[in-house]
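# A closer look at the structure
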Amino acid sequence: MRTALALPLALLCAACATSQAPASSYGLGRGLISYDRLKEEGDKCAALGGTLKPKEEGGSPNMLSNYYCDIQKRK
């Protein structure tokens, strides 16, 4: 009986482990930037293993949309 339950449980655990997508770079969205918001977004980005960077296209440094979290792919 234990063996019959072990196989479905093992398959379920394997599915959970592979369903998480790897982190990738993302933009910060819209709105005006503030020191607190930039700090908060920077902390979130660092927790994912990334670095908060300004976009190289130019634009206003006062807009959230001109920043992104750069997360390098793990090797």
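Residues numbered from 1 in each chain as written. Predicted model: local features only at pLDDT ≥ 70, side-chain atom pairs only at ≥ 80, totals over all residues. Heavy atoms only, no water.

### Examining the overall build of the protein
The number of helices and strands found in the protein is two helices and three strands. Ordered by position from the N terminus, the helices and strands of the protein form the series α-β-α-β-β. Of all 75 residues assigned to the protein, the portion counted as buried reaches 15%. Summarising the internal contacts of the protein: among those between residues at least 6 apart in sequence, 49% fall at separations of at least 24. (Helix = DSSP H or I, 4+ residues; strand = E, 2+ residues; numbered from the N terminus. Buried < 20%, exposed > 50% of the residue type's maximum accessible area, 1.4 Å probe, protein only. Contact = heavy atoms within 4.5 Å.)

### A word on the state of the cysteines
Throughout the structure, instances matching the rule amount to one disulfide. Put simply, Cys45 and Cys69 are joined by a disulfide, and their sulfur atoms are 1.9 Å apart. Because the torsion about its S-S bond is 85°, the bridge between Cys45 and Cys69 counts as right-handed. Placement of Cys45 in helix H2 (residues 35-47) and of Cys69 in strand S3 (residues 67-70) is noted, with a sequence separation of 24 residues between them. On the accessibility criterion, Cys45 (0% relative accessible area) is buried. (Disulfide = S-S within 2.5 Å.)

Shape descriptors only; they carry no functional weight alone.
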